[in-house]
There are 2 protein chains.
Amino acid sequence: MVGGSKLCWVSMAAKPIRRGELGLIAHLRRQPQRGFAQLTLGIGDDCAILKPPANSEIVVTTDFSLEGRHFLRHTHPARAVGHRCLARGLSDLAAMGARPLAAFLSLALPEALAATRAGQRWVDEFLAGLLTLASQHGVPLAGGDTAGSPSNHVLADITLLGSTPTGRALRRSGACPNDVVYVTGALGGAAAELAQVLRRRRPAPLRDAERHPHLLPQARLAVGQALLRRGLATACIDLSDGLSTDLRHLCAESHVDAVLEAARLPQHPLLARLPHKAAWPLLLHGGEDYELLFTAPPTVRVPRRICGVAVTRIGHIVRRRRGQSEPQVLLQQADGSTAELRAGGWQHLTTDH
Amino acid sequence: MVGGSKLCWVSMAAKPIRRGELGLIAHLRRQPQRGFAQLTLGIGDDCAILKPPANSEIVVTTDFSLEGRHFLRHTHPARAVGHRCLARGLSDLAAMGARPLAAFLSLALPEALAATRAGQRWVDEFLAGLLTLASQHGVPLAGGDTAGSPSNHVLADITLLGSTPTGRALRRSGACPNDVVYVTGALGGAAAELAQVLRRRRPAPLRDAERHPHLLPQARLAVGQALLRRGLATACIDLSDGLSTDLRHLCAESHVDAVLEAARLPQHPLLARLPHKAAWPLLLHGGEDYELLFTAPPTVRVPRRICGVAVTRIGHIVRRRRGQSEPQVLLQQADGSTAELRAGGWQHLTTDH
């Protein structure tokens with residue numbers, strides 16, 4: 001692991017192995033590398049070789065998961081860190097309506113972590129979290145890189161490749177005035193759970209995924225694929241930076257403005273216990289819910305559930321104000337009054353807004 | 001940059017911008033994003049969209065470039081760090097005989113770097129080095145991720161996608177007994193220059209690339225593509241970990257052994273000034289030369305130059321010893337005596353072997 005080596009059975013097995021590496025290799029070897037039609041050649045060469053479906057385009061995304069920025073080792077269970085590492089990339093594929101092809105993991109471990117039994121367990125759990133989610137979505141881990149971390153931080157970077165039928169990928173840029181704005185699932189849950197997690201001194205045991213919107217987010221791949229297949233959406237983005245920021249992104253790329261209806265926003269159950277003043281910022285600005293935000297023409301009938309996931313109408317698109325280059329999002333209250341909703345500026349490890 | 005955001009004009013421009021980000025955006029905006037037939041959609045959405053050539057497979061590689069592991073800020077010029085970051089990935093594509101499709105950069109900068117004018121210059125120079133090399137090879141920077149570094153280290157991870165005609169990619173696994181072993185260029189130069197670089201207190205000015213085998217390595221893309229097109233090579237690998245280690249990798253994947261002829265090994269001019277005892281380990285074990293090591297049947301006529309690059313015959317492949325699972329590489333001296341050549345175990349920032 002010192003210096004760095006490609007994820008490669010032979011090269012890693014041929015060198016003196018530290019505990020951290022052993023766990024890494026053992027985990028990856030247990031993973032089935034065959035049985036993926038799209039994977040011509042997996043780990044063990046200079047590159048992996050993928051065979052994309054005919055008449056398709058390739059979509060690509062990369063996402064850091066850096067200790068101290070995206071997670072803390074003393075509050076986040078290792079399994080959740082591995083799950084979240086992959087989920088971030090899967091959610092980007094979902095927002096394009098793509099089917100996953102393969103994942104690539106670059107992973108740098110601190111010397112101290114690789115040298116202890118507890119550290120090895122941490123790496124094993126991290127990989128188990130990542131590979132369990134990969135397996136649920138039929139995504140092979142096809143390669144990557146390993147290195148010793150230059151500090152005491154675990155550093156991961158995930159690359160996801162997916163495919164969409166040529167010319168059909170969902171984009172941020174297709175929303176038109178009068179389109180209706182929809183969101184999947186519920187909002188603010190991840191930020192609410194993060195606040196709980198940061199109050200802990202050690203990681204708490206994981207329960208069902210539904211109870212962990214922050215620790216075990218679910219990428220909406222099936223919904224995104226259904227939106228593409230049925231031709232429902234004019235534009236789509238995943239909610240990683242929070243509703244107020246990501247709707248602005250969509251409006252910016254589509255050169256439109258938007259109006260959100262406050263009373264329609266679907267609130268995550270974790271917000272129910274909080275006073276209104278505490279819940280509202282999480283709902284509007286809380287990041288990392290990894291739900292899909294999309295637009296559809298008013299003439300299109302969008303079901304209330306897609307692939308088992310609730311879909312809620314939360315607003316509509318309006319023409320960009322004349323002469324303005326920056327998008328504007330208005331928040332409309334039940335009494336009809338409106339005010340500008342500014343981007344909340346989500347930061348991963350804080351919940352101050 | 002705090003927290004993290006996709007490389008996205010709109011999202012980055014909409015937030016308060018720090019110096020480091022400004023440089024990043026300015027540089028990336030100056031880069032032409034149009035004019036690449038394979039790039040349907042570049043930076044600015046949840047994913048980039050690529051259209052690979054018909055009847056092709058996709059090859060993928062990821063490579064960390066971590067400060068303190070792969071480079072030092074006080075000895076390596078920023079431009080060289082950016083160049084090397086991309087060159088590592090391009091060399092992996094070369095070893096498959098692939099044509100580059102696109103690059104994706106995940107980049108985490110320390111707060112202190114993003115906050116100063118000198119830091120901004122460093123980032124500008126880093127990106128200039130990366131983008132100049134990308135432009136030389138017609139590779140668009142199609143996306144990536146940015147984050148604040150959790151320590152005082154610059155952290156980069158590069159993903160390269162390339163394409164090869166279906167079923168034609170060069171692999172490590174095709175070498176057969178009696179095949180001849182060839183290498184491009186010269187060996188040991190990168191390790192020799194690294195030793196010079198590490199003795200410095202500050203980065204020295206860069207001259208022509210030929211004088212900088214460590215700081216400005218040249219990925220052998222044209223040679224790799226020619227080997228594939230002309231059907232010359234049975235197996236291929238790039239020399240990133242050093243001759244002794246990488247030839248073992250090739251032998252392991254091909255289930256063969258190999259014999260190297262000491263007198264034939266092409267020595268880089270930088271080794272000429274060193275005593276034999278100092279030069280020899282660099283030649284055999286020095287990493288990061290990024291030359292191609294390949295095998296061809298003895299009946300195939302391999303030119304002495306391919307695409308202007310010297311190609312030298314340095315040994316041959318032999319049958320794996322009976323009952324042995326690990327590959328063996330023998331080094332044969334001019335007098336006919338042989339000894340086993342063990343893998344040297346290259347580490348990026350040391351030259352001790």
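Please read all numbers here as calculations on a predicted model, not as lab measurements.

**Describing helix H5 (residues 117–136) of chain B**
1) Next: With 20 residues, H5 of chain B should cover 28 Å at 1.5 Å per step; its first-to-last C-alpha distance of 28 Å lies within 8% of that length.
2) Next: Among all positions of H5 of chain B, only Gly119, Gln120, Trp122, Val123, Phe126, Leu127, Ala128, Gly129, Leu130, Leu131, Leu133 and Ala134 of chain B are buried.

**As for the packing of aromatic side chains**
Residues and elements named next belong to chain A.
1) Next: What the rule picks out here adds up to six aromatic pairs over all chains.
2) Next: On the numbers, 5.7 Å between centres and 10 degrees between planes, the contact of Trp122 with Phe126 is stacked. Taken as a pair, Trp122 and Phe126 lie in helix H5 (residues 117–136) at a separation of four residues, close to a single helical turn. You'll find Trp122 and Phe126 in the same group, each marked buried.
3) Next: Each residue in the set Phe71, Trp122 and Phe126 is aromatic and connected to the rest through ring pairs, giving one cluster.

**Comments concerning the interface of chain A and chain B**
Interfaces are often sized by the amount of accessible area the parts lose when they come together.
1) Next: With 70 residues of chain A at the interface, the matching set in chain B holds 72 residues.
2) Next: Taking both partners together, chain A and chain B bury about 5900 Å²; carbon and sulfur atoms supply 56% of that area.
3) Next: Interface area lost by chain A to chain B is led by Asp46, Phe64 and Arg69 of chain A, which between them contribute 12%.
4) Next: Taken together, chain A and chain B are joined by six salt bridges.
5) Next: A salt bridge links Asp46 of chain B to Arg172 of chain A, with the nearest nitrogen and oxygen atoms 3.2 Å apart.
6) Next: At the boundary of chain A with chain B, the tally comes to 27 residue pairs in polar contact (both at pLDDT 80 or more).
7) Next: If one sorts the elements of the side of chain A that touches chain B by residue count, strand S4 (residues 56–66) of chain A sits on top with ten residues.
8) Next: Looking at the side of chain A that touches chain B residue by residue, the classes come out as 29 nonpolar, 22 polar and 19 charged.

**Some thoughts on the domain arrangement of chain A**
Residue and element names in this part refer to chain A.
1) Next: Domain parsing of chain A yields domain 1 (5–165) and domain 2 (180–340).
2) Next: Computed from C-alpha coordinates alone, the two centres of domain 1 and domain 2 are separated by 28 Å.
3) Next: Tallying the contact residues gives 26 residues for domain 1 and 27 residues for domain 2.
4) Next: Around 2100 Å² of area is buried between domain 1 and domain 2 when both sides are counted, 62% of it from carbon and sulfur atoms.
5) Next: At the boundary of domain 1 and domain 2, one finds one salt bridge.
6) Next: Where Arg84 meets Glu288, a salt bridge forms, and the shortest distance between an N and an O atom there is 3.0 Å.
7) Next: If you list the elements that add at least two residues to the side of domain 1 that touches domain 2, you get helix H3 (78–96), strand S5 (99–109) and strand S7 (155–165).
8) Next: In terms of residue count, H3 provides more of the side of domain 1 that touches domain 2 than any other element does, 13 residues in total.
9) Next: Across the side of domain 1 that touches domain 2, the residue classes tally to twelve nonpolar, eight polar and six charged.

**With respect to the pairing of S7 of chain A**
When a strand is regular, its side chains alternate between the sheet's two faces.
All names here are of chain A.
1) Next: Most of S7 is tucked away: ten of the eleven residues are buried.
2) Next: Bridge count for S4 against S7 is eleven bridges, and the pairing is antiparallel. From the neighbouring strand, Val60 faces S7, where its bridge partner is Leu161.
3) Next: Relative to S7, S5 runs antiparallel, the two being bridged by nine bridges. Across the sheet, residue Ser106 finds its bridge partner in S7, namely Asp157.

Conventions used here
The residue numbers shown here count from 1 along each chain, following its written sequence. By the order in which they are written, chains take letters starting at A while ligands take numbers starting at 1. In view of the model being predicted, local features appear only for residues whose pLDDT reaches at least 70, and side-chain atom pairs are presented and counted only at 80 or more, with totals across whole chains, interfaces and linings using the full set of residues. Note that water and hydrogens are dropped before the side-chain values are worked out from all heavy atoms of the structure. The way it works is that DSSP assigns letters per residue, a run of H or I at least four long becomes a helix, a run of E at least two long becomes a strand, and they are numbered from the N terminus. Expected span of a helix: the number of residues minus one, times 1.5 Å. Note on classification: 1.4 Å probe, protein chains only; a residue is buried when its accessible area is under 20% of the maximum for its type, exposed when over 50%, partly exposed between these limits. Pairing of aromatic rings covers Phe, Tyr and the six-membered ring of Trp, with a centre-to-centre limit of 6.5 Å; geometry is then stacked below 30 degrees between planes, edge-to-face above 60, and tilted otherwise. The contact criterion used is simple: two residues touch if any of their non-hydrogen atoms lie within 4.5 Å. Accessible area, probed at 1.4 Å, shrinks when two parts are joined; the buried area is that loss added up over both. Criterion for a salt bridge: a side-chain nitrogen of Lys or Arg within 4 Å of a carboxyl oxygen of Asp or Glu. Here a polar contact is taken to be a pair of N or O atoms separated by no more than 3.5 Å, where protein atoms must pair a possible hydrogen donor with a possible acceptor and residues adjacent in sequence count only if both atoms sit in side chains. When residue character is reported, Ala, Val, Leu, Ile, Met, Phe, Trp, Tyr, Cys and Pro are called nonpolar, Asp, Glu, Lys and Arg charged, and the others, Gly included, polar. Segmentation into domains, and thus their bounds, comes from an automatic or database assignment. Two strands qualify as a pair provided that DSSP identifies no fewer than 2 bridges between them.

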